[in-house]
Amino acid sequence: MFAVSAPDNQSPTPESVDAMTQAALGELDAVSDAPAAEDWRVSYLGRRGQLTMLLRGLSGLDPDLRRAVGARANQAKSTLEEALARRTRELAQAALEASGRLDVTLPGRPVIAGRLHPTTQIVREICSAFMAMGFSVVEGPEVELDHYNFEMLNIPAGHPARDMWNSLWIDYRNEQGQQPMLLRTHTSPMQARVMEAQEPPVRVIVPGKCYRYEATDATHEWHFYQIEGLAVAEGITFADLKGTLYEFARRVFGDDRQIRFRCDYFPFVEPGVDMSISNFRDPTTGQRPINRDEDWIEIMGAGMVHPKVLAGVGYDPQRYTGFAFGMGPERIGMLKYGIDDIRHFYSNDVRFLRQF
Ligand code: DAH
């Protein structure tokens, strides 16, 4: 126990507050267990503790002294409170060490590690499948010129096929004047950019973000990824297209899923096709979590590069042929893993993300 000093008749001064604080801190250093720390607290900071009483007595002082002593006493209060908290922690730590009761067998706290986003994972997986077949990966701008997004792909202004891509246009002016620009609606513009920059043979894939002015639902996002593919050389035929895409599907989906080609129209290919894959079935329930009524789900467009596209970049269409394809990796992820809504990819819900 500490003696509570008897109230004397002398008025407190800033100096006497300091002296009390120093004395208190000295005593606190000597405190060696929790009960002694509690006694110390009561004697200085308790309801009838020295400092508390001093603060309470302030009102009796004349104003100048009251201000000076009050300020000092409030400082002293936080100093003492902090010192007590520190000493209490030290004592607790010392007690734990002395007890020898540190349980080293307790399980550690799990470290929550970050991981790759499922979109990144599936994009990388698809790219590796094509890289193993000799394709190299290139990337291009997300803000694209009308020229590459449409014109060079045999979709001139006013062409009704433009309606296939609801576009987000951008106001842009440079030295050449107004250049119609947009957020690219597909990765296909990179076909022309790549061919302009090199001579055949070309074998590239282009992963990247695309944007469309569209309402979202379970299978549509207004921003999403695409992976474009392009192979151009002498003597490439439709059989090469089918062989390459069969092999891609086998690598990504395994041997037990089937694929199907049907005729389709895209202005930059002739003939054009779409490729579907047999619907995902949950291995345990046998149910199809996505598009329950569908046996087949379309995963990409493809075709033989249109002669006009080849001629547009200065390739001789008499000499060179090629195939192109474009797919949505999120949709492929949905079909591979049985994810029922594309919006999960952009919702940042850790309960979803953690599963990959
Ligand atoms: N760019 C097309 C789209 O976004 C997909 C596509 C179809 C890409 C056919 C191709 C292709 O390269 O040959 O709908």
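Asks: So what's going on with the overall build of the protein? Residues and values would help.
Replies: Helices and strands together make up the secondary structure of the protein, namely eleven helices and twelve strands. Taking 356 residues into account, the globule formula puts the C-alpha radius of gyration at 21 Å, and the protein, at 37 Å, lies well above it. Taken over the C-alpha atoms alone, the protein extends approximately 110 × 60 × 40 Å along its principal axes. Counting every position in the protein, which comprises 356 residues, the buried fraction comes to 43%.

Asks: Lay out the packing of aromatic side chains in plain terms, naming residues and giving numbers.
Replies: All chains considered together, the criterion is met by 16 aromatic pairs. Following the ring pairs from residue to residue traces out a cluster consisting of F130, F135, F248, F323 and F325. One Lys or Arg, R193, reaches over the ring of Y148 and ends 4.1 Å from the middle of that ring.

Asks: An account of the layout of surface pockets is requested, with residue identities and associated values reported.
Replies: A water-sized probe rolled over the atoms picks out the places where empty space is left. As a volume, the largest pocket reaches approximately 740 Å³. Taken together, 33 residues line the largest pocket, and the ones lying closest to its centre are R212, Q226, F266, G326 and R331. At the level of secondary structure, the elements contributing two or more residues to the lining of the largest pocket comprise β8 (223–233), β11 (296–305), β12 (321–327) and α10 (329–337). A total of six residues in the lining of the largest pocket trace back to one element, the largest contributor, which is β11. Looking at the lining of the largest pocket residue by residue, the classes come out as 15 nonpolar, ten polar and eight charged.

Asks: With reference to specific residues and values, describe the site of the ligand.
Replies: In the region of the ligand, 16 residues are neighbours, and H186, S188, R212, Q226 and E228 sit closest. Separating a nitrogen atom of the ligand from a side-chain N or O atom of S188 is a distance of 2.8 Å. Bound to the protein, the ligand loses 93% of the 360 Å² it would expose on its own. With respect to the pocket detection grid, the ligand is positioned in the largest pocket. Counting residues per element, the ones that place at least two in the shell around the ligand are β8, β11 and β12.

Asks: Describe unusual backbone geometry, listing the residues and the values that go with them.
Replies: The omega torsion of the bond from P200 to P201 falls at 0 degrees, within 30 degrees of zero and hence cis. For the peptide bond that leads from E270 to P271, omega is 0 degrees, which places it in the cis range. With respect to the helices and strands, P271 occurs in strand β10 (residues 269–278). One non-glycine residue, N154, adopts positive backbone phi at about 65 degrees. Secondary-structure assignment places N154 in the loop between α6 (146–149) and β3 (168–170).

Asks: Let's hear about helix α1 (residues 14–30): which residues, and what values?
Replies: When the terminal C-alpha atoms of α1 are compared, their 25 Å separation across 17 residues agrees well with the 24 Å that a helix rising 1.5 Å per residue should span. All of the buried residues along α1 are P14, V17, M20, T21, A24 and L28. Projected onto a plane normal to the axis of α1, the buried residues spread over an arc of 120 degrees and lie on a single side. Within α1, the exposed residues directed more than 90 degrees away from the buried face are E15, Q22, D29 and A30. In the core, the buried residues of α1 are packed alongside α2 (34–45), α3 (50–57) and α4 (63–99).

Rules used throughout
- Residues numbered from 1 in each chain as written.
- Predicted model: local features only at pLDDT ≥ 70, side-chain atom pairs only at ≥ 80, totals over all residues.
- Heavy atoms only, no water.
- Helix = DSSP H or I, 4+ residues; strand = E, 2+ residues; numbered from the N terminus.
- Rg over C-alpha atoms; globule rule 2.2 N^0.38 Å.
- Buried < 20%, exposed > 50% of the residue type's maximum accessible area, 1.4 Å probe, protein only.
- Phe/Tyr/Trp six-rings, centres within 6.5 Å; stacked < 30°, edge-to-face > 60°.
- Lys NZ or Arg CZ within 6 Å of the ring centre and 35° of its normal.
- 1 Å grid on protein atoms, 1.4 Å probe; cavity = no way out; pocket = protein on both sides within 12 Å on 5 of 7 lines; lining within 4 Å.
- Points joined across faces, edges and corners; volume = space filled by probe spheres on them.
- Nonpolar A, V, L, I, M, F, W, Y, C, P; charged D, E, K, R; others polar.
- Near = heavy atom within 4 Å.
- Polar contact = N/O pair within 3.5 Å; in protein donor to acceptor, adjacent residues only side chain to side chain.
- Areas by Shrake-Rupley, 256 points an atom, 1.4 Å probe, with all protein chains shown as cover.
- Sits in = over half its atoms within 2 Å of the grid points.
- Expected span 1.5 Å × (residues − 1).
- Arc of directions from axis to C-beta.
- Contact = heavy atoms within 4.5 Å.

Interpretation note: all reported values are geometric properties and have no functional meaning in isolation.
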